[in-house]
Amino acid sequence: MAKIKHHNFLNTVHEVFTDAKQAGVLHLYAGGESFSGRTIEVGGRELYHFGTTGYLGLEQDVRLKEAAKEAIDKYGTQFPLSKSYISNPLYKELEDYIREMYRHPIIITKNSTLGHLGVIPSAVEDSDVIILDHQVHWSVQNAAKMLKTRSVPIEMIRHNHLDMLEDKIKKYQHSKRHIWYMADGIYSMYGDYAPVNELMELSKKYPQLHFYFDDVHGMSWVGEKGTGYVLDKLGELPENVLLFGTLSKTFGASGAVLACSNPDRYDKIKTFGGPLTFSAQLEPASVGAAIASAKIHLSQEIYELQQELRERIDYFNACLSTTELPLIDRNESPVFYIGTGMPKTGYNFVNRLMGEGFYVNLGIFPAVPVKNTGVRITISRHNEKAEIKGLVEAMEHHFPLALEETGTSSERIFHAFTLEPKIQNKPQVSTELTIEILDTIDQVDEKQWNRYMGGQGVYDWEGLQFLEAAFQGNACKEHNWLFRYVIIKDSNDTPILMTFVVLSLWKDDMLAQAEISAAMEQERLEKPYHLTSTVLSLGCLFTEGNHLYWDKSHELGGAARDGLLEFLEKMEHQLGAKMTVLRDFGAESTWNEALYGHGFLRVQMPNSCTVDLTGVDSMTKYIEQLSSRNRRHFRKDIQPFFDLIQSEIISKSDAFQIQEFKRLFGEVQKRNLGLNTFSFPDQLFDRMNENEHWEFIVLTPKGKPKTILGVMFCYTNQNAVYVPAFVGIDYDLLETYATYRQLLYWTIERAIELDIPKIDFGMTASFEKRKLGATVHEKYAYLQTNDNFILEMIGVMEGQH
């Protein structure tokens, strides 16, 4: 399977954003000559604004505007000096006011992103460890990753999962000085909270536990003097807490603020904090506006503003409570999230609401899992009750229409967010289609299956019969796979779509870099199933190739495709799979758009390789048709070893040989951490030995028949394709005999001898295969999950390597 690389992840994000941009819901430009906050002009139309993070509306307060203009008149548009040298004359006044709000020393930063980059590397020592909530803001995660150069461990836990946090604390309590847990106070998508009180209780149990809270979305609208959600829960700021607030968003100005009650830590950060030292300071206009806002926060007026917002939030909650809309987290924050599940449903719903005169935000990957796409709605003091009610009525009307138009159901959305369904409206499935779901290949017509799915890989009818037998009844759960066969036909009983899917246990790091898998394998020495998940996949971990027959020219081809995707979603739910993976698609697959719309992410897989032997009747002829460079490779790196080895085709091995084959495959499997999978059951190799379609290409040193250098496990698919499925190698003798290259050579010779026109060489080692004439094919997989934790955890770990 694939490795997720950094550029691969960025390409995925780019593709998702491009899709949303083309749908007209992302990267928009506001219009108009002025802006009131209550409405926003989009595409030449005035829409009621339900997307702001200025919850109290202070950005439109005349006092802040006048203060900003006055500061420009007095001090210019900027004060172009580092604060390490000298600060804008207004800075001290602002710092005094903000310190009065927090009652503790503070540091003002240009913005929260630069603030995190300055504070985290200064506050965290080399002897510390960082644990991230997997939904903590990207800017915190990015700053934490900087510490990879200092070898500070960075761990991640599932969102608000305190049991998992305590396990991580126990892991490091005897080896690390401080254990930093980093989280948001209010999370920006769903509006849910960090469990502050429970976290503080945990710190009493583990005194090393320190906290870093980003509370920019909790600022101003709650708490004494508007200092936010976290401080409202804490009452006083303990020395083991660093707290970030904002001077932008609800505060109405620009910048960010760090509050710290530990004098030594404060002095260290203040003296030298990277961007805090070298970055430009806030512009005079921003400082002037922030001073005006701070004065409001220090007056009784802040509580009046908070109450006005509270009334609107309560009214919106009351309106929502009478509907069947899937509100993901009901709370008292001004942030609300209505789930749509699939991206295409989100696009449709947002466009419908804009058509009705309401601007809302789309929540999309990577801010949320692709399958948890939805509409983020924010309530502010700008919103009047009439338009709040109007928005709810518009959502109630258009939500079921968006579901119907995009072929989904409320049941699927509630499942995606692990909520209890309120209503059951099934998507329309064409009555002209027949969908057959079969439990075993024995229930499938052999001739029909081989007509549409045979001739490639180890998944012709007999190959699947072999795999079913090998992957059931084993002692270990990772060796027992569930097979299902999907055949979708038209009214004439003609197949439009045919495939097979497998439910099996995968290692979560199978898609990660080898270094990450090496670290995880150390943890699995004590916990064998650490970070593993049940996955529903097109094809299985044993097979490679085009696992899908689809007649795209059929008038019901699109309906058949959607029927398969709906079946996979239901099966994932019924069987408790964490992820669905559709693999081995080409770069220009016609499924691309449909899969994005259904919430799949595309990642690049290792290239696959094939060899076309049509018209080739001898190895000499094959070598002659290679390029001059590849012929030199053959003469220099392969041919000189012919006198050292003996090649033998074995269809029935003795007990010693089969044990050696297992051992040598195990040597390859445990080293191949770039494709980190579980081992295969012992009976697989025994069944290969008894199956007429399998044979072994075995290399030994001449004169030493008991010393097995390497083995290629080969399957003959209907005499149409030769499949060297796996390899076993003695690594101690690898270079002495050029074993892997020899195995590739003798595999090609064997296919020519059998008069088989094609070899499926599979994935990995494409460079070596290409040098022997293989054609390389770019392959992609599509992943669907409502759990971003695995991807983000791997991303954090990759940042350390």
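Residues numbered from 1 in each chain as written. Predicted model: local features only at pLDDT ≥ 70, side-chain atom pairs only at ≥ 80, totals over all residues. Heavy atoms only, no water.

Another point: the sheet that holds strand E11 (residues 335–341). Judged by pairing direction, the sheet is antiparallel, and its three strands sit side by side in the order E11-E14-E13 without closing on themselves. Of all the strands in the sheet, just E11 and strand E13 (361–363) have a single pairing partner and so form its edges. Mean inter-strand twist for the sheet, computed between neighbouring axes without regard to direction, equals 30 degrees. In this sheet, strand E14 (residues 373–378) lies alongside E13 in antiparallel orientation, the contact comprising three bridges. (Pairing = 2+ DSSP bridges. Helix = DSSP H or I, 4+ residues; strand = E, 2+ residues; numbered from the N terminus. Axes fitted to C-alpha atoms, helices over the stretch in contact; angles between N-to-C directions.)

Of all eight residues that make up strand E24 (residues 694–701), eight are buried, and the element is covered over most of its length. In E24, alternate side chains face the same way, and those of Trp694, Phe696, Val698 and Thr700 on one face and Glu695, Ile697, Leu699 and Pro701 on the other are all buried. Two elements, strand E23 (residues 645–650) and E24, share six bridges in a ladder whose sense is antiparallel. Bridging across to E24, Ile650 finds its partner in Phe696. Alignment of E24 against strand E25 (residues 710–717), held across six bridges, turns out to be antiparallel. Bridge pairing in E25 links Glu695 to Cys714. (Buried < 20%, exposed > 50% of the residue type's maximum accessible area, 1.4 Å probe, protein only.)

Within the structure shown, the criterion is met by 45 salt bridges. Note that Lys168 is salt-bridged to Glu155, the shortest N-O span being 2.9 Å. One end of the pair, Lys168, is in helix H6 (residues 162–172); the other, Glu155, is in strand E6 (residues 154–157), and 13 residues separate them in sequence. The exposure classification of Lys168 matches that of Glu155, with both residues buried. As a salt-bridge pair, Asp562 and Arg561 come within 3.4 Å of each other at their nearest N and O atoms. Here Asp562 falls in the partly exposed class, since its relative accessible area comes to 29%. Because the salt bridges share partners, they merge into one network encompassing Arg103, Glu224, Lys225 and Glu236. (Salt bridge = Lys/Arg side-chain N within 4 Å of Asp/Glu carboxyl O.)

The next subject is the nonpolar core. Core analysis: the biggest nonpolar cluster contains 113 residues, and Ile98, Tyr102, Phe316, Ile377 and Met395 have the highest contact counts within it. Those residues in contact with Ile377 that lie beyond four places of it in its chain are Phe50, Phe316, Pro334, Val335, Phe336, Ile338, Val360, Leu391 and Met395. If you look at the next biggest cluster of nonpolar residues, it comprises 54 residues, including Trp481, Met579, Ile658 and Phe661. (Core = buried A, V, L, I, M, F, W, Y, C linked by side-chain atoms within 4.5 Å. Contact = heavy atoms within 4.5 Å.)

Okay, the sheet that holds strand E3 (residues 45–49) next. Spatially, E1-E2-E3-E12 is the arrangement adopted by the four strands of the open sheet, whose pairing is mixed. On the outer flanks of this sheet lie strand E1 (30–31) and strand E12 (358–359), each paired with one strand and no other.

Attention now moves to the state of the cysteines. With the rule as written, the count across this model stands at zero disulfides. Cys476 takes part in no disulfide bond, and the closest cysteine sulfur, belonging to Cys540, lies 18 Å away. Residue Cys476 is classed as partly exposed on the basis of its relative accessible area, which comes to 31%. (Disulfide = S-S within 2.5 Å.)

Residues of the protein chain with pLDDT of at least 70 account for 95%, and the chain-wide mean is 91. This model gives residues 1–7 a pLDDT under 50, and the stretch forms 31 contacts once residues within four places in sequence are excluded. (pLDDT = per-residue confidence, 0-100.)

Applying the stated criterion to the full structure yields 42 aromatic pairs. Ring geometry for Tyr212 versus Phe244: centroids 6.0 Å apart, planes at 45 degrees, classification tilted. Of the two residues, Tyr212 sits in strand E8 (residues 209–214) while Phe244 sits in strand E9 (residues 241–246), which places them 32 residues apart along the sequence. Of the two residues examined, Tyr212 and Phe244, each falls in the buried class. The cationic tip of Lys385 hangs over the ring face of Tyr315; the distance from NZ or CZ to the ring centre is 5.3 Å. A cation over an aromatic ring shows up here: Lys507 above the ring of Phe678, its NZ or CZ 5.0 Å from the ring centre. (Phe/Tyr/Trp six-rings, centres within 6.5 Å; stacked < 30°, edge-to-face > 60°. Lys NZ or Arg CZ within 6 Å of the ring centre and 35° of its normal.)

Further remarks concern the packing of helix H4 (residues 112–123) against helix H5 (residues 138–145). As a packed pair, H4 and H5 sit with axes 9 Å apart at the nearest point and diverge in direction by 35 degrees. As H4 packs across H5, the resulting crossing turns out to be right-handed. Between H4, through Thr113, His116, Leu117 and Ile120, and H5, the contact on the second element is made entirely by Ser139, Val140, Asn142, Ala143 and Ala144. In the contact of H4 with H5, the residues fall into five nonpolar, four polar and no charged. (Left-handed = near helix turned anticlockwise from the far one by under 90°. Nonpolar A, V, L, I, M, F, W, Y, C, P; charged D, E, K, R; others polar.)

Our next topic: a nonpolar patch on the surface. Taken together, the side chains of Leu81, Tyr85 and Ile86 define a hydrophobic patch exposed on the protein surface, amounting to about 350 Å² of accessible area. Mapped onto the elements, Leu81 comes out in the loop between helix H2 (62–75) and helix H3 (91–102). Judged by relative accessible area, which is 40%, Leu81 ranks as partly exposed. (Patch = residues over 30% accessible without salt bridge, like charges linked within 9 Å, V, L, I, M, F, W, Y side chains within 5 Å. Areas by Shrake-Rupley, 256 points an atom, 1.4 Å probe, with all protein chains shown as cover.)

A word on the packing of helix H12 (residues 301–321) against helix H14 (residues 385–405). At a minimum axis separation of 10 Å, H12 and H14 run at an interaxial angle of 30 degrees. Between H12 and H14, the crossing angle belongs to the class labelled roughly parallel. Read as a crossing pair, H12 and H14 show a hand that is right-handed. Of the residues in H14, those in contact with Arg312, Tyr315, Phe316, Cys319 and Leu320 of H12 are Lys385, Ile388, Lys389, Leu391, Val392 and Met395. Within the contact of H12 with H14, the residues separate by chemical class into eight nonpolar, no polar and three charged. (Parallel < 35°, antiparallel > 145°, perpendicular 65-115°, else oblique.)

Attention now goes to the environment of Gly37. Within the secondary structure, Gly37 is located in the loop between E1 and strand E2 (39–42). A sequence separation of twelve residues divides Gly37 from His49, and the C-alpha atoms of the two residues are 6.8 Å apart.

Here Asp215 is to be found in the loop between E8 and helix H8 (229–234). Buried and unpaired, Asp215 has Lys233 as its nearest opposite-charge partner, separated by 11 Å. Once residues within four sequence positions are removed from consideration, Asp215 is found in contact with Gly185, Ile186, Thr227, Gly228, Tyr229, Val230, Leu243 and Phe244. (Lys, Arg positive; Asp, Glu negative; His and termini not counted.)

Before going further, it helps to examine unusual backbone geometry. Put simply, Phe365 and Pro366 share a cis peptide bond, and its omega is 10 degrees. Along the chain, Pro366 falls in the loop between E13 and E14. At Ser151, a position not held by glycine, the phi torsion is positive, near 60 degrees. Tracing the backbone shows Ser151 in the loop between H5 and E6. Even without glycine at this site, Asn160 takes up a positive phi of about 55 degrees. Inspection of the secondary structure assignment puts Asn160 in the loop between E6 and H6. The class of Asn160 is partly exposed, set by a relative accessible area of 23%.

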